[in-house]
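# Chains, contacts and geometry: an overview
Listed here are the chains, written in short residue letters.
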Amino acid sequence: MMDLAGKTAVVTGGSRGIGRAVCLELARHGANVVLCYAGNEAAANETVAACEALGAKALAVQCDVSDAAQVQALMDAAAKAFGAIHILVNNAGITRDGLLMTMKEADFDAVLAANLKGTFLCMKAVSRPMMKQRYGRIVNLSSVVGLRGNAGQVNYAASKAGVIGMTKSLAKELASRGVTVNAVAPGFIETDMTAAMPEAAKTATLSAIPMSRLGAPEDVARAVAFLASDEAAYITGQVLAVDGGMSM
Ligand code: NAP
């Protein structure tokens, strides 16, 4: 049975979707949870209340993960509230889909800033303290799209493939210091991010999933919690697909 009692986790984008489910799963296993959100304060407060209802301590901080000063303020707030950061889940992410020929440069930059640079900044902010305490668990949200590509998502695929490259590189840098760095690559998970997808595209995606169902945020959250636990101490630099078999 995983036990995260006494551990503090920072979860980016914890107000909704997969991030919210991750916060609840970590709270359920006893962790203190610090979640950040971009602008949806009401949803963030609701996640905090749901964590507290599970007996955990939780805190919400507004933070744009693509801004270095805001990221440092987030990590400082977490360390001040709970003493140390043991777990970092880089979950915050956005899409700005479109075919490459018509994709605006601004949409490329925005997705790379939130998904790739945001992950870089958060990992950079916790790396030194995790190294010093000789303990850390970093779990990054990639995507099957980062493994296989997807028409209409050149920007998103680049960011999620980049996350895998950063995960493996930092895993090698920190392996000897008790810090593991892994990624999960969800398939099609039912959240606000995928709600806007046209029905026809959803049906086509469903037919490519061997398990014949879309994923739930909790499916991903359980994998993240495992990688964040002591049970996963000998696993680093890995990408775990949570996709109903879609990427086999
Ligand atoms: P979602 O429902 O759209 O939620 C996105 C979360 O990220 C929200 O909490 C949002 O905060 C936060 N966020 C967005 N930009 C941010 C920024 N610049 N700084 C801080 N927080 C920011 O997304 P989701 O579907 O749960 O996806 C979560 C992660 O899983 C993403 O990295 C996504 O790429 C990845 N993923 C999702 C799927 C899927 O099928 N859903 C598949 C593969 C990978 P606000 O609430 O304040 O807006």
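Above this note sits the structure.
The following refers to the structure shown. Predicted model, so just to flag it, every value in this text is computed and none were measured. (Residues numbered from 1 in each chain as written. Predicted model: local features only at pLDDT ≥ 70, side-chain atom pairs only at ≥ 80, totals over all residues. Heavy atoms only, no water.)

## Structural notes on the environment of Cys63
For Cys63, the position within the fold is in the loop between β3 (58–62) and α3 (68–82). On the basis of relative accessible area, Cys63 is assigned to the buried category, the value being 2%. Residues Cys63 and Gly244, spaced 181 residues apart in sequence, show a C-alpha to C-alpha distance of 32 Å. Beyond its immediate chain neighbours, meaning those up to four positions away, Cys63 contacts Cys36, Tyr37, Ala38, Gln70, Val71 and Leu74. (Helix = DSSP H or I, 4+ residues; strand = E, 2+ residues; numbered from the N terminus. Buried < 20%, exposed > 50% of the residue type's maximum accessible area, 1.4 Å probe, protein only. Contact = heavy atoms within 4.5 Å.)

## What to know about the site of the ligand
Close to the ligand lie 30 residues; Ser15, Arg16, Gly39, Tyr156 and Thr191 are nearest. The side chain of Tyr156 places a nitrogen or oxygen atom 2.5 Å from an oxygen atom of the ligand. Within the backbone of Ile189, a nitrogen or oxygen atom sits 2.8 Å from an oxygen atom of the ligand. Compared with its free state, where it exposes 920 Å², the ligand has 93% of that area covered by protein. Of all the secondary-structure elements, those providing two or more residues to the shell around the ligand are α1 (17–28), α6 (154–174) and α7 (192–195). (Near = heavy atom within 4 Å. Polar contact = N/O pair within 3.5 Å; in protein donor to acceptor, adjacent residues only side chain to side chain. Areas by Shrake-Rupley, 256 points an atom, 1.4 Å probe, with all protein chains shown as cover.)

## Some remarks on the layout of surface pockets
A volume near 190 Å³ is recorded for the second largest pocket. Along its surface, the second largest pocket is lined by Phe120, Met123, Lys124, Ser127, Met166, Ser169, Leu170, Glu173 and Leu174. Elements with a minimum of two residues in the lining of the second largest pocket: α4 (105–133) and α6. Residue contributions to the lining of the second largest pocket peak at five residues, all from α6. (1 Å grid on protein atoms, 1.4 Å probe; cavity = no way out; pocket = protein on both sides within 12 Å on 5 of 7 lines; lining within 4 Å. Points joined across faces, edges and corners; volume = space filled by probe spheres on them.)

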